[in-house]
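Chain by chain, the residues:
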Amino acid sequence: MEIIIGKRKIGYNQPVYIIAEGCDNHLGNLNVAKEMARHAKLAGADAIKFQHHIPDEEMLPDVPMSDNFNMPLYEFLKKHALTLEQHIELKAYCESIGIQYLCTPFSWKAAQELNEIGVEAFKIGSGEMTDIPTLKRIASFGKPMIVSTGMSTFEEIDRTYNILVEMKVPLVLMHCVSEYPPVYQDINLRVISIMMDRYPQAIIGHSDHTPDLFTSFAAVVVGAKVIEKHVIIDKRQPGPDQCVSIDFYELKTLVEGIRKIELAMGNDKVIHDRETNKTMGIQEHSICQGY
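Residues numbered from 1 in each chain as written. Predicted model: local features only at pLDDT ≥ 70, side-chain atom pairs only at ≥ 80, totals over all residues. Heavy atoms only, no water.

Across its 14 residues, helix α4 (residues 84-97) extends 20 Å between first and last C-alpha, which sits within 8% of the 20 Å expected from 1.5 Å per residue. Within the sequence span of α4, burial applies to Leu 84, His 87, Leu 90, Lys 91 and Cys 94. All buried residues of α4 lie within an arc of 110 degrees about the axis, which places them on one face of the element. Exposed residues pointing more than 90 degrees away from the buried face of α4 are listed as Glu 85 and Ser 96. Looking at the buried side of α4, the elements it contacts are α1 (30-43), β4 (47-52), β5 (100-105) and α5 (108-116). Where α4 ends, the next residue or the one after it, Gly 98, has phi of about 85 degrees, a positive value. (Helix = DSSP H or I, 4+ residues; strand = E, 2+ residues; numbered from the N terminus. Expected span 1.5 Å × (residues − 1). Buried < 20%, exposed > 50% of the residue type's maximum accessible area, 1.4 Å probe, protein only. Arc of directions from axis to C-beta. Contact = heavy atoms within 4.5 Å.)

This is how it looks when you write it as structure tokens:
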């Protein structure tokens, strides 16, 4: 089971696909968004993801304020969302430095605009996972879809999965807990294994909202083949997802850690060459002890 986004294969026999979620932590500054893309590339991430908001297409002005915002969401997006023209420039910049540009549409019109500018896959947030009419229209573009499943029951995920599979969409389903940040006992990482069995025609990943790296590492061990993690240039700066974001030094640690975990995930019980020579073992022990 494999899908392709850009030049990268994603599947259970492929390296974990690592997405740096830039969200709106750029606060509407295109130069900051480009800097985030550059840092994500340097950290070794496969993709940088942003969000395309058209506020009047996705919400009413008096929508209730979320816990992770210090102003009404409608007002925030009017002030800080990137324009389509900025997304076009940002996508071109990502292509020029060799990192995959991804973007989440939050309305049908936003999805249409992203398709028109040539986005190579659609990331669907948890809040839109049950919007079947819109998902079917997005699926009609025939491009891979990465769908987060926070706030949803298995029955709701089943419905979305069955429809998208029937439409032959190359599909990733992301285990997710939509708390900002979550308490660790709510994360339930073993659900990833359940999803792998329950949804065999999708790749299963993990979208992580913790402020550290531990559960992302564990998700890889459980079997997640896509990891999405919120990023911010400076954790001291304000931002809508600041409390669940890691900085780019931490992102580099995440990437390096995942690649080392992948190397260590074999299942052969053998006596290795470096174990067979007792003299070598003694020499190595002496070096480790500083003798």
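Taken together, the 8 strands give an open sheet; going across it, the order is β5-β4-β3-β10-β9-β8-β7-β6, and neighbouring strands pair in parallel fashion. Each edge of the sheet is formed by a strand with only one pairing partner; in this case those strands are β5 and β6 (122-124). In this sheet, adjacent strand axes meet at a mean angle of 25 degrees when their direction is disregarded. In terms of strand pairing, strand β3 (residues 17-23) meets β4 through 4 bridges, oriented parallel. When the bridges of β4 are listed, Cys 23 appears paired with Phe 50. Packed on one face of the sheet, α5 meets β4, β5 and β6 and runs near 160 degrees to β5. Across the face of the sheet, helix α8 (residues 191-198) comes into contact with β8 (171-176) and β9 (203-208) while running at roughly 155 degrees to β8. (Pairing = 2+ DSSP bridges. Axes fitted to C-alpha atoms, helices over the stretch in contact; angles between N-to-C directions.)

All right, on to α5 then. Helical geometry: 3.6 residues make up each α-helical turn, so side chains three or four residues apart lie on a common side. For α5, the complete set of buried residues consists of Trp 108, Ala 110, Ala 111, Glu 113 and Leu 114. Buried residues along α5 sit against β4, α4, β5, β6 and α6 (132-139). The positive-phi residue at the C-terminal boundary of α5 is Gly 118, with phi of around 95 degrees.

Here the focus is the environment of Ala 47. Considering the arrangement of structural elements, one finds Ala 47 in strand β4. Under the relative-accessibility criterion, Ala 47 is labelled buried at 0%. Sequence separation between Ala 47 and Ile 157 is 110 residues; the distance between their C-alpha atoms is 25 Å. Among all residues touching Ala 47, those that are not within four sequence positions of it are Tyr 17, Ile 18, Ile 19, Ala 20, Ile 99, Gln 100 and Leu 102.

Attention now goes to the side chain of Arg 8. Among the secondary structure elements, Arg 8 is positioned in strand β2 (residues 8-11). Looking at Arg 8, the relative accessible area reads 17%, which means it is buried. Among the polar contacts made by the side chain of Arg 8, one reaches the main-chain carbonyl oxygen of Val 16 at a distance of 2.9 Å. Polar contacts involving the side chain of Arg 8 include one to the side chain of Asp 46, which spans 3.2 Å. Residues in contact with Arg 8, not counting those within four places in the same chain, are Ile 3, Gln 14, Pro 15, Val 16, Tyr 17, Asp 46 and Arg 259. (Polar contact = N/O pair within 3.5 Å; in protein donor to acceptor, adjacent residues only side chain to side chain.)

This brings us to the pairing of strand β1 (residues 2-5). Only one face of β1 is covered, namely the one carrying Ile 3 and Ile 5; the face carrying Glu 2 and Ile 4 has none of its residues buried. Here β1 pairs with β2 via 4 bridges, running antiparallel. Following the sheet pairing, Ile 3 is matched in β2 by Ile 10. A loop of 2 residues connects β1 with β2, the two strands running antiparallel in sequence, and Gly 6 in this loop sits at a positive phi of about 65 degrees.

Attention now moves to the nonpolar core. Ile 48, Tyr 101, Met 145, Leu 171, Leu 173 and Leu 251 are the most contacted members of the largest nonpolar core, which has 60 residues in total. Grouped together as the second largest cluster of nonpolar side chains are 13 residues, Ile 10, Tyr 17, Val 172 and Val 226 included. (Core = buried A, V, L, I, M, F, W, Y, C linked by side-chain atoms within 4.5 Å.)

Attention shifts here to the environment of Met 196. Along the chain, the position of Met 196 falls in helix α8. Taking the relative accessible area as the measure of exposure, Met 196 reaches 26% and is therefore partly exposed. For Met 196 and Ala 224, which are 28 residues apart along the polypeptide, the C-alpha to C-alpha distance reads 8.7 Å. Met 196 has contacts with Tyr 12, Ile 204, Val 222 and Gly 223, leaving out every residue within four places of it along the chain.

Note that every value here comes from positions in space, so none of it alone points to a role or purpose.
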